[in-house]
Each structure stands twice: as C-alpha cells, then as structure tokens.
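Inside the fold
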Amino acid sequence: FIYRIAGRSLPGVGLVAGLLITLLTGVVTRGWFAKRAVKWAESLLARLPLIRPLYGTLKQLTNALLSGSDKNLFKRVVLLEYPRKGIWSIGFVTSEDNSGFSKHIKDKCGENLISVFVVSAPNPTTGWLALVPETELIDADMSVEEALKLVVSGGYIGK
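Residues numbered from 1 in each chain as written. Predicted model: local features only at pLDDT ≥ 70, side-chain atom pairs only at ≥ 80, totals over all residues. Heavy atoms only, no water.

**Points about helix H4 (residues 144–152)**
Restricting attention to buried positions, one finds in H4 the residues Ala147, Leu148 and Val151. Taken end-on, H4 shows its buried residues confined to a sector of 100 degrees, consistent with a single buried face. For H4, the elements touching its buried residues are strand E3 (76–81), strand E4 (88–95) and strand E5 (113–119). Of the residues trailing H4, Gly154 is marked for its positive phi of about 70 degrees. (Buried < 20%, exposed > 50% of the residue type's maximum accessible area, 1.4 Å probe, protein only. Helix = DSSP H or I, 4+ residues; strand = E, 2+ residues; numbered from the N terminus. Arc of directions from axis to C-beta. Contact = heavy atoms within 4.5 Å.)

**Side note on the pairing of E3**
Of the strand pairs in this sheet, E3 and E4 are connected by 6 bridges, and their pairing is antiparallel. From the neighbouring strand, Val78 faces E4, where its bridge partner is Gly91. Hairpin connection from E3 to E4: 6 residues lie between these consecutive antiparallel strands, with Gly86 at a positive phi of about 90 degrees. Across 2 bridges, the pairing between E3 and strand E7 (residues 138–139) is antiparallel. The residue of E7 that forms the bridge with Val78 is Asp139. (Pairing = 2+ DSSP bridges.)

**Things to note about the nonpolar core**
By size, the foremost hydrophobic cluster in this structure holds 10 residues: Phe74, Val77, Ile90, Phe92, Phe117, Val119, Ala140, Ala147, Leu148 and Val151. For this core, the secondary structure elements donating two or more residues are E4, E5 and H4. Looking at this core element by element, the count peaks at 3 residues for H4. Not counting residues up to four positions away in its chain, the partners in contact with Phe92 are Phe74, Arg76, Val77, Ser115, Val116, Phe117, Val119, Val144, Ala147 and Leu148. Grouped together as the second largest cluster of nonpolar side chains are 9 residues, Val93, Ile114, Val116 and Val118 included. (Core = buried A, V, L, I, M, F, W, Y, C linked by side-chain atoms within 4.5 Å.)

Right, dumping it as structure tokens:
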C-alpha cells in the first residue's frame, strides 16, 4: 500500500498502521479474554459433582496462602506431639475462636480446642486439620514464613 501525504508517497504506511492496530487490540483485549477464560473454567469446575467441593476448598486455601494480605490463613506457628509422644510436628493455628462449630466441639470434649493445620511437606496446600487442646500446644516463636520455608524444604532451610 502506498499512501500519499502532502504530495509524497509513503510505501508501507498501511502495513505499519495495520500491525500497530493489531498489536494495540491484542494488548487491550488480552486481559479481558484471560479473565473470561478463567471465569468459564471455574464455572465448569463448579458444575462437576466430585470436583466442586475439592476445587472450592483448594482455591480458598491457595488464595489464603498466596495472598499478601494482613488477614492470613495462619495466625501463628505451634508445635504439637504427632504422630506419637516425643515426636513433634509444626502446625499452623487457623482459628482460636470459640464460636460456631468450635463451641459445639468444646461442649462435647469439655475443653477449649484450637484448630491447627498440619502441613504436609513439601506441598503447603496439603495437610490435615487437628483440633488440639490449648494445653498441648507449644508456641514455636517463629514467623509463618519461616515455618513454611522449613516445612517446604523438608527441614533443610532453617532460620
């Protein structure tokens, strides 16, 4: 394509303009299409009977672990004796609240139980929940980040 501007011919202006328009359109719509694709995939997963409960839980856990917000999933790091007396595991306190389900459990057990998530090494998004009496927990005096590094590295990386 040859364009004439001010009486002079400029070869290739149409090609350059077309490429710029295509590039700008891609930049503008890339984020929009990606968001739509993620929403579509999530709605598909939310309709699958066996996947729906697992996906929702894993999504919440992953968002809580990876968010940099002050409202972290893990409140503090504790030590608890597991899998037997004399063997200690690192746990993360997720709730010390006595309302809701914790109150019903306290009524049954007769003591205040703390929700502790014990992470499986090396993947911090897997593990198990323990309801542990307050008296059986020891505060680890380390940050959540330090404890996660320790668990994910299999004990290799310490303070």
